[in-house]
Amino acid sequence: MYDYAIIGAGAVGGLFASLLSQNKQQLCFVDSRLSQTSLLELQVDSIEHGLIFNKFKLYNRLPVCRSLLVCVKAHQVNSALSSLVIPSNCKLMLVVNGMGSHQEILEKLLPQQLYLASNTHGALIQEKVEEKANIQLKLKHTGLGQLIVGPYLKNAAKPKDLIKLEQTLPSANWQSNIYPSLWRKLAINCCINPLTALHNCRNGELLSAEFQPAISALCQEVSQVAASEQIKLSAEELQQTVLQVASSTANNFSSMQQDIHHQRASEISYINGYVVKQAAKHGIACPHNQHLLQQIQRLEKHND
Ligand code: KPL
């Protein structure tokens, strides 16, 4: 039996696979689009352990595993899981940007099987070669962050497997109410992702004075919408967190900058789009988030 199966052979999935396998966890990857079982050769230039090399099986069906880690784009969660049957003794942990994607998969599992995570580790794909069905992936761990995990059902007890996750990944932390952390990460993504995509710049450039009014206004709106969902996060605290992350990932291009640059669909509907949708439910005006949502959607249409 595998300890973890991972869906998403990208920067985040690859990073966690290599860190977990350093700690003797049995791991594999799953991609239901494949026609046969293949191999993933992974090289990670990690901050704490230097170069890590691994080979993982890449299945096209779900093997017996204790936990399934889903590390794909928010808009891919539903389709990545659609053909898989998730047994009731398997925990599913969503490590995705934005909010709302978990609501699309609730009918696939019991609510107590679902765990949500907020990840602030930075990782960058340096090379990805797909040869026949096999994949060679080279990654760099660019920022030491945290993986915060909690249950979809607030205050549910911490399962034994997740105690093990905390022991094997020193930067993993359990929170019985994960929602404030998810909103904090949402605020980071609401500011950094669309602004870097629209200005085609690295995260660190958002530290300049010209961006401060926009970041402040976006944080005000996120704070107000979060409060309407009983999550108390002050706009000042959010703004400080956004600037800290922009500084610790200064050299990175955000995932949305990359998506827009490479003409791929972005996660905007699960980031600023989620804030705008929740705001509308509560009758709150969110002009700054709305504006960024529209501008990114316009770029996506232009790329079609
Ligand atoms: O999550 C990120 C992303 O790019 O999606 C941040 C934290 C902004 C790092 O780039």
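Residues numbered from 1 in each chain as written. Predicted model: local features only at pLDDT ≥ 70, side-chain atom pairs only at ≥ 80, totals over all residues. Heavy atoms only, no water.

(A) Representation of the domain arrangement of the protein chain within the structure. As far as domains go, the protein chain holds domain 1 (2–175) and domain 2 (180–303). For domain 1 versus domain 2, the separation of C-alpha centres amounts to 24 Å. With 20 residues of domain 1 in contact, the opposing surface of domain 2 contributes 16 residues. Summed over both sides, the interface between domain 1 and domain 2 buries roughly 1700 Å², with carbon and sulfur atoms accounting for 55% of that surface. Three residues, His75, Asn97 and Met99, lead the burial of domain 1 against domain 2; their summed loss comes to 41% of the area buried on that side. On the surface where domain 1 and domain 2 come into contact, there are one salt bridge. Inspection of the domain 1/domain 2 interface yields eleven residue pairs in polar contact (both at pLDDT 80 or more). No other element matches strand 7 (residues 114–119), which puts four residues into the side of domain 1 that touches domain 2. Here the residues of the side of domain 1 that touches domain 2 are counted per class, giving six nonpolar, twelve polar and two charged. (Domains from an automatic or database assignment. Contact = heavy atoms within 4.5 Å. Buried area = accessible area lost by both parts, 1.4 Å probe. Salt bridge = Lys/Arg side-chain N within 4 Å of Asp/Glu carboxyl O. Polar contact = N/O pair within 3.5 Å; in protein donor to acceptor, adjacent residues only side chain to side chain. Helix = DSSP H or I, 4+ residues; strand = E, 2+ residues; numbered from the N terminus. Nonpolar A, V, L, I, M, F, W, Y, C, P; charged D, E, K, R; others polar.)

(B) Geometry of the nonpolar core. Ile7, Leu68, Leu81, Leu92 and Trp183 are the most contacted members of the largest nonpolar core, which has 66 residues in total. In this view, Leu92 contacts Leu68, Val70, Leu81, Ile86, Ile105, Leu109, Gln113, Leu114 and Tyr115; residues no more than four positions away in its chain are not counted. Counting residues in hydrophobic clusters, the runner-up holds 33 residues, among them Leu20, Leu58, Ala123 and Leu147. (Core = buried A, V, L, I, M, F, W, Y, C linked by side-chain atoms within 4.5 Å. Buried < 20%, exposed > 50% of the residue type's maximum accessible area, 1.4 Å probe, protein only.)

(C) Spotlight on helix 9 (residues 287–303). Between its first and last C-alpha atoms helix 9 spans 24 Å; for 17 residues at 1.5 Å apiece the expected length is 24 Å, and the two agree. For helix 9, the set of buried residues is Asn289, Leu292, Leu293, Ile296, Glu300 and Asn303. The arc that holds the buried residues of helix 9, viewed along the axis, is 105°, so those residues lie on one side. Along helix 9, the residues that are exposed and aim more than 90 degrees away from the buried face are Arg298, Lys301 and His302. Among the structural elements, helix 4 (179–199), helix 5 (212–228), helix 7 (255–261) and helix 8 (272–281) are those in contact with the buried residues of helix 9. (Expected span 1.5 Å × (residues − 1). Arc of directions from axis to C-beta.)

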